There are 2 protein chains.
Amino acid sequence: MTQIGFVGLGRMGGNMVARIKRDSEHDVVAYDRDAATVKRVADETGARGVRSLADLVEKLDAPRMVWIMVPAGKPTQDTVDELAPLLEQGDIIVDGGNSKWTEDRVRAATLRKQGLGYVDVGVSGGVWGLEVGYCMMVGGPEPAVKKLAPVLDVLAPPTSEASRGALGDRGWAHFGPSGAGHYVKMVHNGVEYGLMQAYAEGFDLFDKSDFDLDNAKIAHLWNQGSVVRSWLCELAARAFELEGDKLAGLSGYTGDSGEGRWTIEDAIAKDVPTPVITASLHARFYSRGNGDFTHRMLAALRAQFGGHATKKSADG
Amino acid sequence: MTQIGFVGLGRMGGNMVARIKRDSEHDVVAYDRDAATVKRVADETGARGVRSLADLVEKLDAPRMVWIMVPAGKPTQDTVDELAPLLEQGDIIVDGGNSKWTEDRVRAATLRKQGLGYVDVGVSGGVWGLEVGYCMMVGGPEPAVKKLAPVLDVLAPPTSEASRGALGDRGWAHFGPSGAGHYVKMVHNGVEYGLMQAYAEGFDLFDKSDFDLDNAKIAHLWNQGSVVRSWLCELAARAFELEGDKLAGLSGYTGDSGEGRWTIEDAIAKDVPTPVITASLHARFYSRGNGDFTHRMLAALRAQFGGHATKKSADG
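Just so we're clear, the structure is a prediction, and the values are computed from it rather than from any experiment.

1. Comments concerning the sheet that holds strand β1 (residues 3-7) of chain A
All names here are of chain A.
Stage number 1. Spatially, β3-β2-β1-β4-β5-β6-β7-β8 is the arrangement adopted by the eight strands of the open sheet, whose pairing is mixed. Both edges of this open sheet fall to β3 (48-49) and β8 (172-176), since each of them pairs with a single strand only.
Stage number 2. In this sheet, strand β2 (residues 27-31) lies alongside β1 in parallel orientation, the contact comprising five bridges. Bridging across to β2, valine 7 finds its partner in tyrosine 31.

2. Digging into the packing of helix α9 (residues 180-207) of chain B against helix α13 (residues 275-287) of chain B
Residues and elements named next belong to chain B.
Stage number 1. At a minimum axis separation of 8 Å, α9 and α13 run at an interaxial angle of 70°. Taken together, the axis directions place α9 and α13 in an arrangement best described as roughly perpendicular. When α9 is examined against α13, the residues Gly190, Val191, Tyr193, Gly194, Met196 and Gln197 are found in contact with a partner set consisting of Val276, Ile277, Ser280, Leu281, Ala283 and Arg284.
Stage number 2. Per-class residue counts for the contact of α9 with α13 are seven nonpolar, four polar and one charged.

3. Thoughts on the side chain of lysine 100 of chain A
Residues and elements named next belong to chain A.
Stage number 1. Considering the arrangement of structural elements, one finds lysine 100 in the loop between β5 (92-95) and α5 (101-113).
Stage number 2. By relative accessible area, lysine 100 is classed as buried at 15%.
Stage number 3. A polar contact is formed between the side chain of lysine 100 and the side chain of glutamate 265, at a distance of 2.8 Å.
Stage number 4. Apart from the residues within four sequence positions on either side, lysine 100 is in contact with Trp262 and Glu265.

4. Observations regarding the environment of lysine 147 of chain B
All names here are of chain B.
Stage number 1. Tracing the sequence through the fold places lysine 147 in helix α7 (residues 142-155).
Stage number 2. Sequence-wise, lysine 147 and proline 63 are 84 residues apart; in three dimensions their C-alpha atoms are separated by 10.0 Å.
Stage number 3. Sequence-distant contacts of lysine 147, defined by excluding residues within four places in its chain, comprise Thr2, Pro63, Met65, Gly90 and Ile92.

5. Side note on helix α2 (residues 35-45) of chain A
Residue and element names in this part refer to chain A.
Stage number 1. For α2, every residue scored as buried is listed here: Thr37, Val38, Val41, Ala42 and Thr45. Taken end-on, α2 shows its buried residues confined to a sector of 130°, consistent with a single buried face. Across from the buried face of α2, at angles greater than 90 degrees, the exposed residues are Ala36, Lys39, Asp43 and Glu44.
Stage number 2. Buried residues along α2 sit against α1 (11-23), β2 and β3.
Stage number 3. Immediately downstream of α2, the backbone of glycine 46 shows phi near 90°, a positive value.

6. A word on the pattern of salt bridges
Between side chains of opposite charge, a pair can form as their charged atoms come close.
Stage number 1. The tally for this structure, following the rule as stated, stands at 43 salt bridges over all chains.
Stage number 2. For the salt bridge of arginine 64 of chain A with glutamate 88 of chain A, the shortest nitrogen-to-oxygen distance reads 2.8 Å. Placement of arginine 64 of chain A in the loop between α3 (53-59) and β4 (65-68) and of glutamate 88 of chain A in the loop between α4 (74-83) and β5 is noted, with a sequence separation of 24 residues between them.
Stage number 3. The class for arginine 64 of chain A is buried, based on a relative accessible area of 10%.
Stage number 4. On the accessibility criterion, glutamate 88 of chain A (41% relative accessible area) is partly exposed.
Stage number 5. One salt bridge connects aspartate 256 of chain B with arginine 261 of chain B, and the closest N-O pair in it is separated by 2.9 Å.
Stage number 6. Assessed through its relative accessible area of 23%, aspartate 256 of chain B is described here as partly exposed.
Stage number 7. Assessed through its relative accessible area of 39%, arginine 261 of chain B is described here as partly exposed.

7. Quick notes on a nonpolar patch on the surface
Stage number 1. Taken together, the side chains of Val127, Trp128 and Val132 of chain A present a nonpolar region at the surface, about 230 Å² in accessible area.
Stage number 2. Tracing the backbone through its elements, the reader meets valine 132 of chain A in helix α6 (residues 129-132).

8. Brief notes about the sheet that holds strand β8 (residues 172-176) of chain B
Residue and element names in this part refer to chain B.
Stage number 1. Ordered in space as β3-β2-β1-β4-β5-β6-β7-β8, the eight strands form an open sheet in which the pairing is mixed. Edge positions in the sheet fall to β3 (48-49) and β8, since each of these pairs with one other strand and no more.
Stage number 2. Where strand β6 (residues 117-124) lies against strand β7 (residues 135-139), five bridges are found, and the strand directions are antiparallel. By the bridge assignment for β7, glycine 122 is matched with methionine 137.

9. Side note on the relation of the copies chain B and chain A
Stage number 1. When chain B is fitted to chain A, the best match, at an RMSD of 0.0 Å, comes from turning it 180° and sliding it 0.0 Å along the axis. The superposition operator between the copies reduces to a two-fold rotation axis. Proximity to the rotation axis, assessed at the C-alpha, singles out serine 230 of chain B in chain B; its C-alpha lies 1.9 Å from the axis.
Stage number 2. Here 100% of the contact residues of chain B are again contact residues in chain A; the copies associate through an equivalent surface.

10. So, the nonpolar core
Stage number 1. Membership of the largest hydrophobic core comes to 76 residues, with the highest contact counts inside it found for Trp222 of chain A together with Trp222 of chain B.
Stage number 2. Those residues in contact with tryptophan 222 of chain A that sit more than four places away from it in its chain are Phe203, Phe206, Val228, Arg229 and Cys233 of chain A together with Cys135, Met137, Val184, Val187, His188 and Val191 of chain B.
Stage number 3. Leu9, Val17, Ala18 and Val28 of chain B belong to the second-largest nonpolar core, a separate cluster that totals 34 residues.

11. Digging into unusual backbone geometry
Glycine aside, residues mostly have negative phi angles, and peptide bonds mostly take the trans form.
Stage number 1. Following alanine 62 of chain A, the chain continues into proline 63 of chain A via a peptide bond in cis, with omega recorded as -5°.
Stage number 2. Even without being a glycine, leucine 247 of chain B presents a positive backbone phi close to 50°.
Stage number 3. Looking at the secondary structure, you find leucine 247 of chain B in the loop between α11 (231-243) and α12 (259-269).
Stage number 4. Residue leucine 247 of chain B is classed as partly exposed on the basis of its relative accessible area of 30%.

Calculation notes
Residues numbered from 1 in each chain as written. Chains lettered and ligands numbered in written order. Predicted model: local features only at pLDDT ≥ 70, side-chain atom pairs only at ≥ 80, totals over all residues. Heavy atoms only, no water. Pairing = 2+ DSSP bridges. Helix = DSSP H or I, 4+ residues; strand = E, 2+ residues; numbered from the N terminus. Axes fitted to C-alpha atoms, helices over the stretch in contact; angles between N-to-C directions. Parallel < 35°, antiparallel > 145°, perpendicular 65-115°, else oblique. Contact = heavy atoms within 4.5 Å. Nonpolar A, V, L, I, M, F, W, Y, C, P; charged D, E, K, R; others polar. Buried < 20%, exposed > 50% of the residue type's maximum accessible area, 1.4 Å probe, protein only. Polar contact = N/O pair within 3.5 Å; in protein donor to acceptor, adjacent residues only side chain to side chain. Arc of directions from axis to C-beta. Salt bridge = Lys/Arg side-chain N within 4 Å of Asp/Glu carboxyl O. Patch = residues over 30% accessible without salt bridge, like charges linked within 9 Å, V, L, I, M, F, W, Y side chains within 5 Å. Areas by Shrake-Rupley, 256 points an atom, 1.4 Å probe, with all protein chains shown as cover. Least-squares fit on C-alpha atoms with pLDDT ≥ 70 in both. Core = buried A, V, L, I, M, F, W, Y, C linked by side-chain atoms within 4.5 Å.

What follows is the structure in structure tokens.
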């Protein structure tokens, strides 16, 4: 039995608490800024709900472990800044969000001076993790990771036969010192952008094809023994079934939460060509209507040298 | 029991004959230009080996089906040209190679005038298909596809539960008239280029990372519940285990067999932006040392305007 505090009970944090409580004897003390969420998660999972970070710290036996699962950036840093002074030497903070790996290094050094441990965990699996398990990429000092292991064990999926040798029984892995977990997760997301864009371009072609093709059927078929079979392709089949082959009800506006641009930033720092990951981020920029000035400038220049006709903008 | 002739008993054709003979009562008459290959495949699989196309046609009962599994382009066309005059009205030729979909249209029309049926089958799964089953994308007239179905059924993998509704019990699908099968397979390969390049860029970053990362371990982990889990990622884990994390024994020279460039060609014809598939093909060009003149010209221009130092080429 291991004891852990959880801060942030949204889609990810709430499901993680549910998986821990469902599949283990671990004691979870759960906090969220929204009191109703705390009550719901406590009722549904059997975690002990608390009303403040101070309350959370008080309910945990030292040395404590507190898993923060709130959005990366300011929300995570604010939580760390509020939590750290409440903790004692030997306690450990776990950041399960998508923090930038360079921030982990600074944060780990700051907390170390206060006698606190810090573990960065990159978590993949989205809302499906509750059932499938979460794929976790871990960075931080060995002793802290060892303490956290019983919690990672229950959150992770059981490993496939082929991967057991490399990973042990459970699907999480420790990749190195502070930042290594979020670094591997950052690149994971960069790769994810490229995979998504590759599928999207292929199905865009099917949508414009000479043939009357059935996208859902193609996505389903590709998962039957083809080289491109993947979980994303399974999600594509699901999306075409739910939304229709034209995805007509969806806007194409595609956001990003930073990992792609950080991947490209590090690729530039290391002189590594990443044309596909970069083009995938740019495709997302285009999807938001960015690049509009570029397009107007192209039209303007084409008109200048060739007298090619331009179109007036709707609002111009 | 269905009867089929197989022409071309290489890695793909030979394994397909083996799967048919292992998992069904179908009668297979097998031919390859190499007599030793015919003998080996016949001995190993129980297929009836023959020494010529004429012999093959003679051994099959009309209406015949002959599956051609030789490289796309001239080898396939030559085989069709040699085979067609030996066949009778109502016989069917199946092209299981990677022919271009526009060639299928021409070929189907030509054969139709001779009273022959034609089915194009895009086959994915590589050397793993013998065990897993082959993912098959099928084009051609309904009656011919129906006749071929018992053979497709045994070659295909059993479908996953989630895809059964869209596909039926077996993992193959008929997408439309002649060319539709190879069209879907062509784009499949274009997507495959993009997926491969996305993973390759990510692992290139790991190779240059500040952390001492274990590529095999990352690839294994990513297959445990992460968003980027896929069969290609399983192959990546396998490659790093066999070749080492540095892939030091491999040359980076990466060929292509046409489907990527045809995908891009059709994307241009349809005005569909495909930056990732295009960049992936260009990355393969670079991998062969192409682009060298570009690079020398960049160096020359940079020297011209900025007086930046150039390097002499080794052979210059």
